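Geometric and topological summary
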Amino acid sequence: MIYTLTLNPTLDIHMRFENPKLGTLNRARGVRYAPSGKGLNVSSALHAQGIESKAILPLGGPIGYLLESMIKNLGFETLVIPVKGETRANTKVIDQNGILSEFNGAGAALSEQEMQACFDGLKNLQSSDTLILSGSLPPGVSSTIYAEMTEMAKAKGASVYLDASGEALIRGLGAKPNLVKPNKLEAEELFGTPITTYQEALEAARKIRDMGIDTVILSLEDKGAIFLNAPENQAEQVFLVVPPKVTAITPSGAGDSVLAGTLYGLQQHWAWEKVAKHATATATARVISTSGYPNLARVAAEFDKVTVLAESEFPQGSF
């Protein structure tokens, strides 16, 4: 079983504009509403590829009530933790060039009892299970929460994948999850140094690996991603995987698609190079989609357009 935990879920409002401007009236050319939050997105992307998961998320207030009704139709198992606070809404503004601007709410603060209910939702974790911890933390939740949950899951023998930022990422790394998926900015903040070349990106990925992490996926957005896999007592495998040039239609959820595509490939017992290529094709198919997460046929249409480079082939110089 794959479990995803979304502590700060949201109703995403996707709005498309022609030349949007601050300080004046903008009329949307299109609007779409979607239940979201990084863990929930991973569950949605997995479901689209035929892999089921259990999505756990706290919901409260009018938006939480609306989301609960929406997720009943997503097709996979969910566990809703009722909370007193109000679930947030995020506005995603996309211009005519596919450039995304995000205006995100803070989310519902969780009480000690509500957080315990989230832990209780994971009480049946077993050694063959995988736990996905991803996304921002709502107000008042300790930055140690992902570390605590990682330690709990690993004590049961489960695998843990972490996609977090800031202090939650730093603390989470200390608990040694099996896989982490930082982006360029998060890696720069983690080490206090800029990343301007693929060689610097690889160096940062290896620093994370040296913290006791088996697998590191370092996203460089449209410049590609470093996929580094080095389980204990096995040789390192590292690739730079670059997506094809596309015009983004739905840019949000790309990183969650990478994580879902990686999980899919690992469950098929593919070689690491193929896993990385499939994960990137999944993200590409997501961003050019008008709605939803891509199924395997849509991913396959992008697979051969993805470029995979060994370390000796990494481009030199700045991005």
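So, here's what we can say about the structure. Remember, it's a predicted structure, so these values are computed and weren't measured experimentally.

1. With respect to helix α6 (residues 184–191)
- Burial in α6 covers these residues: Glu186, Ala187, Glu188 and Leu190.
- For α6, the N-terminal capping position is held by asparagine 183, with its side-chain oxygen 3.2 Å away from the main-chain nitrogen of leucine 185.
- Downstream of α6 by one or two residues, glycine 192 has phi in the positive range, about 70 degrees.

2. Section: unusual backbone geometry
- A positive phi angle is found at asparagine 19, which is not glycine, with a value near 55 degrees.
- Among the secondary structure elements, asparagine 19 is positioned in the loop between β2 (10–16) and β3 (30–36).
- Take asparagine 19: its relative accessible area is 41%, and that puts it in the partly exposed class.

3. Remarks on the side chain of threonine 197
- Relative to the helices and strands, threonine 197 is located in the loop between α6 and α7 (198–209).
- For threonine 197, the residues in contact, after removing those within four places along its chain, are Gly317, Ser318 and Phe319.

4. Things to note about helix α2 (residues 61–71)
- Taken together, the buried positions of α2 are Gly64, Leu67 and Ile71. The buried residues of α2 occupy an angular sector of 60 degrees when the element is viewed end-on, so they sit on one face. Of the exposed residues in α2, those oriented more than 90 degrees away from the buried face are Pro62 and Tyr65.
- Close packing links the buried residues of α2 with β2, β3, α1 (38–48), β4 (54–59) and β5 (77–82).

5. Re the side chain of lysine 92
- Residue placement: lysine 92 occurs in strand β6 (residues 88–94).
- On the accessibility criterion, lysine 92 (5% relative accessible area) is buried.
- Side-chain polar atoms of lysine 92 contact the side chain of asparagine 104, separated by 3.4 Å.
- Not counting the four nearest positions on each side in its chain, lysine 92 is found in contact with Asp12, Ile13, His14, Met15, Leu100, Ser101, Glu102 and Asn104.

6. Description of the sheet that holds β4
- Strand order in the open sheet made by the ten strands is β5-β4-β1-β8-β9-β10-β11-β12-β13-β14, with mixed pairing throughout. Both outer strands of the open sheet, β5 and β14 (307–310), are each paired with one neighbouring strand and no more.
- Strand direction decides the pairing type here: strand β9 (residues 159–163) and strand β10 (residues 179–180), joined by two bridges, are parallel. Each bridged residue has a counterpart across the sheet, and for leucine 162 the counterpart in β10 is valine 180.
- In the packing of α7 onto the sheet, contacts are made with β10, β11 (215–219), β12 (225–229) and β13 (237–242), and the angle to β12 comes to roughly 35 degrees.

7. A few points about the packing of aromatic side chains
- Evaluation of the coordinates by the stated rule reveals three aromatic pairs.
- Ring centres of tyrosine 264 and tryptophan 270 lie 5.6 Å apart, and the angle between their planes is 70 degrees; this geometry places the pair in the edge-to-face category.
- For tyrosine 264, a relative accessible area of 11% puts it in the buried group.
- Here tryptophan 270 falls in the partly exposed class, since its relative accessible area comes to 26%.
- One residue, lysine 274, lies across the ring of tryptophan 270, its end atom 4.2 Å from the ring centre.
- The ring of tyrosine 293 has arginine 286 sitting right over it, with the charged end atom 3.9 Å from the ring centre.

8. Things to note about the pattern of salt bridges
- In total, this model carries 14 salt bridges according to the counting rule given.
- Across the salt bridge formed by lysine 305 and glutamate 302, the nearest N and O atoms sit 3.5 Å from each other.
- One salt-bridge network, held together by shared partners, links Arg206, Arg209, Asp210, Glu236 and Glu311.

9. Some words on the environment of aspartate 256
- Relative to the elements of secondary structure, aspartate 256 occurs in helix α8 (residues 254–267).
- Assessed through its relative accessible area of 3%, aspartate 256 is described here as buried.
- Considered as a pair, aspartate 256 and leucine 309 are 53 residues apart in the sequence and their alpha carbons are 22 Å apart.
- Apart from the residues within four sequence positions on either side, aspartate 256 is in contact with Lys38, Asn41, Val42 and Asp163.

10. What about the sheet that holds β6?
- Across the sheet, four strands lie side by side as β3-β2-β6-β7; this open sheet has mixed pairing. One side of each edge strand has no neighbouring strand; the edge strands of this open sheet are β3 and β7 (100–104). Within the sheet, the average angular offset between the axes of one strand and its neighbour, ignoring direction, is 20 degrees.
- Of the strand pairs in this sheet, β2 and β3 are connected by seven bridges, and their pairing is antiparallel. From the neighbouring strand, leucine 11 faces β3, where its bridge partner is proline 35.

11. Notes on the pairing of β12
- Of all the five residues making up β12, five are buried; the element is thus mostly covered by neighbouring parts of the structure.
- Across five bridges, β11 lies against β12 in antiparallel orientation. Residue pairing across strands places isoleucine 217 opposite phenylalanine 227, the latter belonging to β12.
- The turn linking β11 back onto β12 is made up of five residues, and glutamate 221 within it adopts a positive phi angle of 55 degrees.

Cut-offs and rules
- Residues numbered from 1 in each chain as written.
- Predicted model: local features only at pLDDT ≥ 70, side-chain atom pairs only at ≥ 80, totals over all residues.
- Heavy atoms only, no water.
- Buried < 20%, exposed > 50% of the residue type's maximum accessible area, 1.4 Å probe, protein only.
- Helix = DSSP H or I, 4+ residues; strand = E, 2+ residues; numbered from the N terminus.
- Polar contact = N/O pair within 3.5 Å; in protein donor to acceptor, adjacent residues only side chain to side chain.
- Contact = heavy atoms within 4.5 Å.
- Arc of directions from axis to C-beta.
- Pairing = 2+ DSSP bridges.
- Axes fitted to C-alpha atoms, helices over the stretch in contact; angles between N-to-C directions.
- Phe/Tyr/Trp six-rings, centres within 6.5 Å; stacked < 30°, edge-to-face > 60°.
- Lys NZ or Arg CZ within 6 Å of the ring centre and 35° of its normal.
- Salt bridge = Lys/Arg side-chain N within 4 Å of Asp/Glu carboxyl O.

In short, shape yes, function no, at least from these values alone.
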